[in-house]
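Commentary on secondary and tertiary structure
Each chain, letter by letter, is given below.
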Amino acid sequence: MKIPIGIRDLCENPTEILNRYEDSGVKVIGFTCSYVPEELIISAGLQPYRITNIGANTSALTPSFVCPFASATLENIIKHEDFFSGFIVAHTCDPMWRLYDILKKKIGKPLFLLRVPHNTDNELSLDFFRMELMRFKKFLEKNFETRIDHSALFSSIELCNESRDLLKSIYVLNSGGEYKINAFDRFHLVLASMWMPKPEINTQIKALNFNNGETYGDVRLHLNGTAIYDLVLLKTIEESGGFAASDDLCTGSRYFWSNVEKSEDPISALSNRYLKRTPCPSHAPLEQRLEYINFMIEEFKVQGVLTFAEGFCDPILYDSVHIRNMLAKKGIPTMVIDYENPAQEIGRIKTRVEAFIESISG
Amino acid sequence: MSLQRKKSRVLQTTKKIGELIMAYFSQTSDAKAQGKPVAWVTVFTPVELLYAMDVYPIAPEHFGAMCSARGFILDYLQEAEREGYSQNLCSYSRCSLGYVLSGTSGLMPPPDILVTFRNSCDVYVKWWQSLHMHLGTPLFVGETPYVLTSEDLDNYVLDYVVKQLEQLVEMAEEKFGSRLDMEKLADIVRLSDKASELWLETLKLRRFRPCPLGGRDSASDIFPLVVMQGTTEAVEFYEELLEEVKQKVNMGEGVLENERFRLLFDGIWLWHAFDLIKYFEDRGAVFVYEPYSDAWAYRLDASKPLESIARKILAMGLNVDIDIRTERFSESIEEFQIDGAVLFSNRSCKTWSTPQLVTADILNKNFNVPYLLFEADMADPRQYAEAQIKNRIDAFLEVLGER
Ligand code: SF4
Ligand code: SF4
């Protein structure tokens with residue numbers, strides 16, 4: 001498959017598109033986390049844009065022992081504040097929560113903290129999250145002098161569902177042991193969906209041709225982690241003879257796996273979709289997450305699980321013990337590779353990826 | 001710098017804490033032996049509710065602090081690390097995970113239920129899940145959303161927490177066959193409120209010069225408020241403490257004979273290096289205010305026990321918006337006449353440490369309070385560069401001395 005050159009460039013430099021938005025006068029809302037329903041932002045006539053750690057160093061405002069991903073994201077928000085009309089931060093893990101504290105003191109743009117319950121498998125949490133989404137809606141309406149009506153919300157839900165359907169349909173091409181699209185390319189499309197206007201990326205995806213007979217590494221891996229924007233990491237796997245057949249990243253399958261159901265009450269439907277999807281490592285219940293990983297392993301005929309962990313990422317560092325213990329019982333090998341700055345540590349990362357892949361292929 | 005000649009003094013009441021802790025552990029072990037359920041809880045959980053249902057709470061965080069203070073934490077930390085828990089994870093959590101992995105035999109009887117409300121940190125969720133994975137014990141994870149404005153203590157946020165408390169009661173009733181006796185709960189809430197009231201009153205007396213209660217006292221004396229809220233023992237302890245502190249104030253006696261600097265301490269104490277407080281005291285510096293000490297007290301209304309408890313676990317120190325937190329900081333500067341702030345950037349506690357530089361900046365810019373920020377770990381002695389930290393303390397106190 002040939003990824004259009006525009007998408008390749010965008011993934012190398014995701015802030016580039018902000019100039020385009022600025023020129024065209026579109027108001028952009030920066031958000032940090034896949035628990036933020038883009039549907040609401042779109043229905044307010046605003047452009048959602050997921051903020052990354054790409055192109056930033058860790059912020060001098062946080063201690064050195066805090067997740068470098070969160071710290072670099074903070075740096076990017078402050079650096080690019082002028083391009084945005086507002087920011088949405090979600091309370092997931094400690095650093096992301098505290099990012100809100102720091103931003104409140106450091107930026108001038110409207111800022112919203114979405115409180116995502118950590119116990120997601122609970123009716124009370126669904127009700128609470130619904131109320132949070134109502135508060136979010138009011139925040140958008142008040143700050144951007146707009147009204148979000150049901151029909152706008154229904155059509156943005158439809159648009160985002162279409163986007164998720166497209167991404168999922170590509171993803172499942174690799175199920176059952178197939179090799180149809182490599183992870184490096186696949187990730188380009190997912191990431192671009194978080195930065196480009198949805199109608200535009202949807203059209204581009206529909207025009208792609210997926211069967212061009214490329215060959216990839218043949219050791220099939222499942223990639224575990226939180227968010228990965230740095231596609232060099234994906235490249236490393238493929239250059240070492242591996243193939244990330246599946247993943248449970250929030251920049252991967254967790255972003256699009258499930259859809260918003262049609263309902264009379266769109267806010268409830270959103271609350272359902274976002275809380276009931278496979279939980280982020282920072283949330284409960286862990287069993288549900290382990291189940292999802294298990295499912296992925298079976299569905300995509302995976303031989304090993306590789307965890308890419310931001311140094312100091314508590315959620316992943318706890319979970320990796322249980323993932324390893326669970327998979328050891330099934331005879332599936334696991335490896336955790338942690339890093340603070342992938343670009344600088346790529347040599348070491350590659351050596352470890354190679355060793356892991358070699359140990360599987362024997 | 002002239003060193004404080006006279007030995008620093010710790011309150012007589014504080015010296016009783018060790019005994020109280022031991023009595024508490026043996027009471028819990030006895031309860032367990034009698035077949036009563038034991039809950040492992042994070043420290044800002046509704047212990048009042050558990051006591052009212054005859055469930056005995058034990059706090060692994062407190063256990064971690066104690067193991068660190070008494071110098072036997074390393075074995076547990078290393079046991080957890082051998083299992084794969086990274087050294088970058090909260091050392092309290094590594095301590096209790098190591099305790100579990102090495103057989104759960106010691107001061108903490110094994111739990112019959114694991115209860116946490118995510119309020120201090122998100123680590124709680126991952127830590128309690130991990131305990132659950134190793135022990136297989138039933139788990140209750142409650143959510144206490146970040147309090148953004150004081151309205152959250154009355155609106156759907158409060159409702160959400162109250163309903164989760166009811167769920168917890170249901171779960172305990174179902175698992176242990178115990179019933180929640182509302183009258184008993186009201187009595188316990190009254191006792192818990194009394195202990196908080198006494199503690200808050202005692203802390204206020206630190207505004208006097210010389211300060212009658214220092215950092216070593218406040219760090220130890222919070223223990224009954226951590227896991228013994230709602231007990232008569234806790235109330236008696238705080239009555240005695242308040243009495244002693246009042247007497248000291250009346251006699252014009254302070255922790256230090258020659259009080260030169262009044263300091264704010266932000267963070268959890270370094271349990272393995274508790275003497276660091278004495279190091280300050282020896283140089284004429286006394287701690288007069290800590291957000292940490294404040295955090296444990298919360299006034300309750302016995303006529304609305306569930307709502308009160310819900311508010312309390314919502315509004316604990318770190319779970320309220322940064323503006324509310326900095327306001328409290330700011331008030332304390334005048335109230336306690338603070339000369340300088342010591343901020344402990346704690347490797348274990350990302351939730352506390354992450355916004356610390358921003359708060360320090362506010363202290364400095366708005367109130368002209370100089371600060372010292374140093375990095376270490378509250379419980380893991382391997383993350384502590386003693387000589388270097390002491391040098392920085394010397395330099396900091398020198399700066400204060402020149403003002
Ligand atoms: S990588 Fe981990 S610690 Fe960092 S923001 Fe994501 S979940 Fe939080
Ligand atoms: S020390 Fe911090 S991270 Fe550890 S349990 Fe306490 S609040 Fe949570």
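Just so it is clear, the structure is predicted and the values come from calculations on it, not from any experiment. (Residues numbered from 1 in each chain as written. Chains lettered and ligands numbered in written order. Predicted model: local features only at pLDDT ≥ 70, side-chain atom pairs only at ≥ 80, totals over all residues. Heavy atoms only, no water.)

Here we come to the overall build of chain B. Counting its regular elements, chain B contains 18 helices and 8 strands. Relative to the globule expectation of 22 Å for 403 residues, the C-alpha radius of gyration of chain B, 21 Å, shows essentially globular dimensions. Across its three principal directions, the C-alpha atoms of chain B cover 65 × 50 × 40 Å. For chain B, the proportion of its 403 residues judged to be buried stands at 64%. Summarising the internal contacts of chain B: among those between residues at least 6 apart in sequence, 78% fall at separations of at least 24. (Helix = DSSP H or I, 4+ residues; strand = E, 2+ residues; numbered from the N terminus. Rg over C-alpha atoms; globule rule 2.2 N^0.38 Å. Buried < 20%, exposed > 50% of the residue type's maximum accessible area, 1.4 Å probe, protein only. Contact = heavy atoms within 4.5 Å.)

Right, let's talk about the pairing of strand 3 (residues 113–118) of chain B for a bit. Residue and element names in this part refer to chain B. Strand 3 sits mainly inside the fold: 6 of its 6 residues count as buried. Residue alternation in strand 3 divides its side chains into two sets, Ile113, Val115 and Phe117 and Leu114, Thr116 and Arg118, and both sets are buried. As paired elements, strand 1 (residues 38–41) and strand 3 share 3 bridges and run parallel to each other. Note that in strand 3 the partner of Ala39 across the bridge is Ile113. (Pairing = 2+ DSSP bridges.)

Before going further, it helps to examine the side chain of Ser293(B). Residues and elements named next belong to chain B. Positionally, Ser293 belongs in helix 13 (residues 291–294). Judged by relative accessible area, Ser293 falls into the buried class, the value being 1%. Ser293 has contacts with Trp199, Leu203, Arg206, Ser218 and Ile222, leaving out every residue within four places of it along the chain.

The subject of this paragraph is the domain arrangement of chain A. Residues and elements named next belong to chain A. Domain annotation of chain A identifies domain 1 (5–146) and domain 2 (152–361). On a C-alpha basis, the centroid separation for the pair domain 1 and domain 2 is 21 Å. Note on domain 1 versus domain 2: buried area summed over both sides is about 4200 Å², and carbon and sulfur give 64% of it. For domain 1, the biggest contributors to the area lost against domain 2 are Tyr35, Glu39 and Arg50; these three give 17% of the whole. Applying the counting rule to domain 1 against domain 2 returns 5 salt bridges. We note a salt bridge from Glu39 to Arg164, for which the minimum N-O separation is 2.7 Å. Here domain 1 and domain 2 share 21 residue pairs in polar contact (both at pLDDT 80 or more) between them. Elements represented by at least two residues in the side of domain 1 that touches domain 2 include exactly helix 1 (5–12), helix 2 (16–24), helix 3 (38–43), strand 2 (47–50), helix 4 (68–79) and helix 6 (123–143). In terms of residue count, the dominant contributor to the side of domain 1 that touches domain 2 is helix 6 (8 residues). When the residues that make up the side of domain 1 that touches domain 2 are grouped by side-chain class, the tally is 27 nonpolar, 12 polar and 10 charged. (Domains from an automatic or database assignment. Buried area = accessible area lost by both parts, 1.4 Å probe. Salt bridge = Lys/Arg side-chain N within 4 Å of Asp/Glu carboxyl O. Polar contact = N/O pair within 3.5 Å; in protein donor to acceptor, adjacent residues only side chain to side chain. Nonpolar A, V, L, I, M, F, W, Y, C, P; charged D, E, K, R; others polar.)

This part covers the interface of chain B and chain A. Between chain B and chain A, the residue contacts involve 57 residues of the former and 50 residues of the latter. For the pair chain B and chain A, the summed buried area comes to about 4500 Å², and 60% of that belongs to carbon and sulfur atoms. Taken together, the connections running from chain B to chain A amount to 9 salt bridges. As a salt-bridge pair, Lys126(B) and Asp319(A) come within 2.8 Å of each other at their nearest N and O atoms. Between chain B and chain A we count 31 residue pairs in polar contact (both at pLDDT 80 or more) in total. Elements supplying a minimum of two residues to the side of chain B that touches chain A: helix 5 (91–101), helix 6 (123–135), strand 4 (139–143), helix 7 (156–176), helix 15 (322–335), strand 7 (340–346), helix 16 (350–353) and helix 17 (356–367) of chain B. Broken down by element, the side of chain B that touches chain A gets its largest block of residues, 9 residues, from helix 6 of chain B. A per-class count over the side of chain B that touches chain A returns 23 nonpolar, 20 polar and 14 charged.

Taken as a whole and assessed by the stated rule, the structure comprises 41 aromatic pairs over all chains. Taken together, a centroid distance of 4.5 Å and an interplanar angle of 10 degrees make the contact between Phe128(A) and Tyr160(B) stacked. Placement of the pair is Phe128(A) in helix 6 and Tyr160(B) in helix 7, with the two residues belonging to separate chains. Judged on exposure class, the residue Phe128(A) and its partner Tyr160(B) are both buried. Taken together through their ring pairs, the aromatic side chains of Tyr49(A), Phe69(A), Phe84(A), Phe87(A), Trp195(A) and Tyr229(A) make up a single cluster. In this structure, Arg220(A) is placed above the aromatic ring of Tyr179(A), and the distance from its NZ or CZ to the ring centre is 5.2 Å. The ring of Tyr35(A) has Arg277(A) sitting right over it, with the charged end atom 4.1 Å from the ring centre. (Phe/Tyr/Trp six-rings, centres within 6.5 Å; stacked < 30°, edge-to-face > 60°. Lys NZ or Arg CZ within 6 Å of the ring centre and 35° of its normal.)

Below, the discussion takes up helix 17 of chain B. Given a rise of 1.5 Å per residue, 12 residues ought to cover 16 Å, and the 16 Å separating the end C-alpha atoms of helix 17 of chain B matches this to within 8%. Of the residues making up helix 17 of chain B, those classed as buried are Gln356(B), Val358(B), Thr359(B), Ala360(B), Ile362(B) and Leu363(B). Elements in contact with the buried residues of helix 17 of chain B: helix 5 (94–106) of chain A together with strand 5 (261–266), helix 15, strand 7, helix 16 and strand 8 (371–376) of chain B. Directly beyond the C-terminal end of helix 17 of chain B, a positive phi value near 55 degrees is found at Asn368(B). (Expected span 1.5 Å × (residues − 1).)

A separate point is the packing of helix 6 of chain A against helix 12 (residues 266–276) of chain A. Residues and elements named next belong to chain A. Across the interface, helix 6 lies against helix 12 with an axial gap of 9 Å and an inter-helix angle of 120 degrees. Considering their axes alone, helix 6 and helix 12 lie oblique with respect to each other. Helix-helix and strand crossings are classified by hand; for helix 6 and helix 12 the assignment is right-handed. Contacts from Glu123, Ser125, Leu126, Phe129, Arg130, Leu133, Met134 and Lys137 in helix 6 reach Ile267, Ser268, Leu270, Ser271, Asn272, Tyr274, Leu275 and Lys276 in helix 12. Grouping the amino acids of the contact of helix 6 with helix 12 by side-chain chemistry returns 8 nonpolar, 4 polar and 4 charged. (Axes fitted to C-alpha atoms, helices over the stretch in contact; angles between N-to-C directions. Parallel < 35°, antiparallel > 145°, perpendicular 65-115°, else oblique. Left-handed = near helix turned anticlockwise from the far one by under 90°.)

Residues and elements named next belong to chain B. The strand order across the open sheet formed by 4 strands is 2-1-3-4, and the pairing between neighbours is parallel. Each edge of the open sheet is held by one strand with a lone partner, namely strand 2 (56–58) and strand 4. Averaged over all neighbouring strand pairs, the angle between strand axes comes to 25 degrees, with direction disregarded. One ladder, built from 3 bridges, connects strand 1 with strand 2; its direction is parallel. Across the sheet, the residue bridging to Ala39 is Pro57, located in strand 2.

Residue and element names in this part refer to chain A. Around ligand 1, the neighbouring residues are Cys67, Phe69, Cys93, Pro95, Met96, Thr226, Glu310 and Cys313. For ligand 1, the cavity whose grid points lie within 2 Å of the majority of its atoms is the largest cavity. A per-class count over the shell around ligand 1 returns 6 nonpolar, 1 polar and 1 charged. (Near = heavy atom within 4 Å. 1 Å grid on protein atoms, 1.4 Å probe; cavity = no way out; pocket = protein on both sides within 12 Å on 5 of 7 lines; lining within 4 Å. Sits in = over half its atoms within 2 Å of the grid points.)

Let us look at the site of ligand 2. Glu61(B), Cys90(B), Ser120(B), Cys121(B), Val123(B), Tyr124(B), Trp127(B), Ile268(B), Ser348(B), Cys349(B) and Met378(B) make up every residue found near ligand 2. The element that contributes the greatest number of residues to the shell around ligand 2 is helix 6 of chain B, accounting for 3 residues.

Okay, the nonpolar core next. Residues Trp40(B) and Leu263(B) are the most contacted members of the largest nonpolar core, which totals 137 residues. Looking at this core element by element, the count peaks at 11 residues for helix 7 of chain B. The next biggest cluster of nonpolar side chains, apart from the first, holds 95 residues, and it includes Leu113(A), Leu166(A), Ala192(A) and Tyr339(A). (Core = buried A, V, L, I, M, F, W, Y, C linked by side-chain atoms within 4.5 Å.)

This paragraph deals with the pattern of salt bridges. Residues and elements named next belong to chain B. Applying the stated criterion to the full structure yields 58 salt bridges over all chains. With its nearest N and O atoms 3.0 Å apart, the salt bridge here joins Arg311 to Asp154. With a gap of 157 residues between them, Arg311 in helix 14 (residues 305–314) and Asp154 in the loop between strand 4 and helix 7 connect regions that are remote in the sequence. You can call Asp154 exposed: its relative accessible area is 56%. Residue Arg262 is joined to Glu259 by a salt bridge in which the shortest nitrogen-to-oxygen separation is 2.7 Å. As far as burial versus exposure is concerned, Arg262 and Glu259 are alike and both buried.

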